[in-house]
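The primary structure of each chain is shown beneath.
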Number of protein chains: 2
Amino acid sequence: MNIGEAAKKSGLTVKTVRYYDEINLIKPVKNKATNYRQYTDAELAKLQFIGKARRFNFSIKECKELLSLYENQNRSSKEVRNLTLTKISEIDVKLNELENLRTQLSHLVNCCKGNERPECPIIDELSNSDLN
Amino acid sequence: MNIGEAAKKSGLTVKTVRYYDEINLIKPVKNKATNYRQYTDAELAKLQFIGKARRFNFSIKECKELLSLYENQNRSSKEVRNLTLTKISEIDVKLNELENLRTQLSHLVNCCKGNERPECPIIDELSNSDLN
DNA sequence: ATAAACCTTCCAGTAAGGGTAAAGTAAAGG
DNA sequence: CCTTTACTTTACCCTTACTGGAAGGTTTAT
């Protein structure tokens, strides 16, 4: 199939699929006559696989790893599980950061009257020269 | 003061401070003889302000807005508060996404034995062609 | 005089594509 | 058969917010 169909069926954009070719993630054969990319069903499946992994917040680099595990019939499930566990703890770190940020910002908002007057505790806090 | 001192006192890197000059965020005067950037105390205060706002997850564009509010003695605290509230709801969206992701990933991890065998529900799920 | 510790500009790269242009190809309609 | 429309190609720049490095000028200390 051509790139448009592969894109549609994988839920990716044509641009993205072409990009995955460019970075050697999924390289289709080219039709010699037209120079069009030709995707097989197996390649479509990989595109779908990547798309899903990306939605699970795996980076392209991690997608490459997952893809090679996917293609390797002799992999152990432990390897996949470890990659996923690492990803989960990365998410935990990010969750913590964001929660802290949220707490601090809502504290600032609660201190600010939000009226037409110029006094603003948020600006005051941002102007406070001590870091943090 | 020279850029190194301004960077140190603001907790930013020299590279970053130079970048802020380049994008017209904080433009110091240049010493004609040496071509060195000269930062005043007021500019240092702005660098500190920006640094803090960035740590609060405000984008450079938002920092520009905050900075103009900071510099405007006639601003209303409402404007600053609204910008901050917007930022909080953006953080909420991100928190939600990450929590969903975490739930899904830990569900996958719980289904996976993580042993030496190749059967892996994580890979199976990623291979599942229906989106989500 | 020379070394180190500053500073300068310029160029390239990051992640993961998006936007647009110019041009080739294919399929459908008249 | 011709034209329009839809699809595809490559190539280039743009995004965010910097970071790294090279090659060179300046200042300070030894």
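Note that the structure is a prediction, hence the values are computed from the model and not measured.

### With respect to the packing of helix α4 (residues 60–71) of chain B against helix α5 (residues 77–111) of chain B
Residues and elements named next belong to chain B.
Phase 1: In the contact formed by α4 and α5, the axes pass within 10 Å of each other and the chain directions differ by 160°. What the angle tells us is that α4 and α5 run roughly antiparallel. The two elements α4 and α5 meet at a crossing, and its hand is left-handed. Contact residues: E62, E65, L66 and L69 in α4; E79, V80, L83, K87 and E90 in α5.
Phase 2: Looking at side-chain class alone, the contact of α4 with α5 contains four nonpolar, no polar and five charged residues.

### A few points about the protein's contact with DNA strand C
Phase 1: Taken together, the neighbourhood of DNA strand C is formed by 19 residues, with A:K15, A:T34, A:Y36, B:G4 and B:K30 sitting nearest.
Phase 2: Of all atoms in DNA strand C that approach within 4 Å of the protein, 74% are sugar or phosphate atoms.
Phase 3: Here A:Y20 contributes a side-chain N or O atom positioned 2.8 Å from a phosphate oxygen of DNA strand C.
Phase 4: Contact between DNA strand C and B:G4: a phosphate oxygen at 2.5 Å from a main-chain N or O atom of the residue.
Phase 5: Contributions of two or more residues to the surface near DNA strand C are made by α2 (14–22) of chain A together with α1 (3–10) and α2 (14–22) of chain B.
Phase 6: For the surface near DNA strand C, the element with the most residues is α2(A), which contributes four residues.
Phase 7: Here the surface near DNA strand C is built from residues that sort into six nonpolar, seven polar and six charged.

### Observations regarding the relation of the copies chain B and chain A
Phase 1: The two copies are related by a screw motion: chain B maps onto chain A through a turn of 180° and a shift of 0.0 Å along the axis, at an RMSD of 0.1 Å. Read as a symmetry element, the transformation amounts to a two-fold axis. Minimal C-alpha distance to the rotation axis in chain B is attained by B:L95, lying at 3.2 Å.
Phase 2: Most of the interface of chain B is mirrored in chain A: 100% of its interface residues are interface residues there too.

### Considering the interface of chain B and chain A
Phase 1: Taken together, the 55 residues of chain B in the interface contact 55 residues of chain A.
Phase 2: Summed over both partners, the interface of chain B with chain A buries about 5100 Å², with 68% contributed by carbon and sulfur atoms.
Phase 3: Per-residue buried area on chain B facing chain A is highest for B:K52, B:F56 and B:L126; these three make up 14% of the total on that side.
Phase 4: The interface formed by chain B and chain A contains five salt bridges.
Phase 5: B:E116 is the salt-bridge partner of A:K78, the closest N and O atoms lying 2.6 Å from each other.

### Looking at α2(A)
All names here are of chain A.
Phase 1: By the burial criterion, the buried members of α2 are V17, Y20 and D21. Considered in projection along α2, the buried side chains sweep an arc of 105° and stay on one side of the axis. Opposite the buried face of α2, by more than 90 degrees, sit the exposed residues K15 and E22.
Phase 2: The elements touched by buried residues of α2 are α1 (3–10), β2 (37–38), α3 (41–55) and α4 (60–71).
Phase 3: Phi turns positive, to about 65°, at N24, one or two residues after α2.

### Structural notes on the domain arrangement of chain A
Residues and elements named next belong to chain A.
Phase 1: Looking at chain A, the domain boundaries give domain 1 (1–75) and domain 2 (80–132).
Phase 2: With nine residues of domain 1 in contact, the opposing surface of domain 2 contributes six residues.
Phase 3: Here domain 1 packs against domain 2, burying approximately 570 Å² in sum over the two surfaces, 72% of which is carbon and sulfur.
Phase 4: Inspection of the region where domain 1 meets domain 2 yields one salt bridge.
Phase 5: Between K87 and E62 there is a salt bridge, and its shortest N-O distance comes to 2.9 Å.
Phase 6: Applying the counting criterion to the domain 1 and domain 2 interface returns two residue pairs in polar contact (both at pLDDT 80 or more).

### Describing the pattern of salt bridges
Phase 1: Counting across every chain of the model gives 18 salt bridges over all chains.
Phase 2: Of the charged contacts in the structure, one is a salt bridge between A:K27 and A:D21, with a shortest N-O distance of 2.9 Å.
Phase 3: Ionic pairing is found between B:D21 and B:R37, a salt bridge with its closest N-O pair at 2.7 Å. Residue B:D21 is found in helix α2, and its partner B:R37 is found in strand β2 (residues 37–38); the two are separated by 16 residues along the sequence. In terms of burial, B:D21 and B:R37 fall into one category: buried.
Phase 4: Residues participating in the shared-partner salt-bridge network are A:D21, A:K27 and A:R37.

### Comments concerning the layout of surface pockets
Phase 1: If you add up the space inside the largest pocket, you get close to 370 Å³.
Phase 2: Only α5 (77–111) of chain A together with α5 of chain B provide two or more residues apiece to the lining of the largest pocket.
Phase 3: In terms of residue class, the lining of the largest pocket is made up of five nonpolar, four polar and seven charged.

Each value, and the rule that gives it
Residues numbered from 1 in each chain as written. Chains lettered and ligands numbered in written order. Predicted model: local features only at pLDDT ≥ 70, side-chain atom pairs only at ≥ 80, totals over all residues. Heavy atoms only, no water. Axes fitted to C-alpha atoms, helices over the stretch in contact; angles between N-to-C directions. Helix = DSSP H or I, 4+ residues; strand = E, 2+ residues; numbered from the N terminus. Parallel < 35°, antiparallel > 145°, perpendicular 65-115°, else oblique. Left-handed = near helix turned anticlockwise from the far one by under 90°. Contact = heavy atoms within 4.5 Å. Nonpolar A, V, L, I, M, F, W, Y, C, P; charged D, E, K, R; others polar. Near = heavy atom within 4 Å. Polar contact = N/O pair within 3.5 Å; in protein donor to acceptor, adjacent residues only side chain to side chain. Least-squares fit on C-alpha atoms with pLDDT ≥ 70 in both. Buried area = accessible area lost by both parts, 1.4 Å probe. Salt bridge = Lys/Arg side-chain N within 4 Å of Asp/Glu carboxyl O. Buried < 20%, exposed > 50% of the residue type's maximum accessible area, 1.4 Å probe, protein only. Arc of directions from axis to C-beta. Domains from an automatic or database assignment. 1 Å grid on protein atoms, 1.4 Å probe; cavity = no way out; pocket = protein on both sides within 12 Å on 5 of 7 lines; lining within 4 Å. Points joined across faces, edges and corners; volume = space filled by probe spheres on them.

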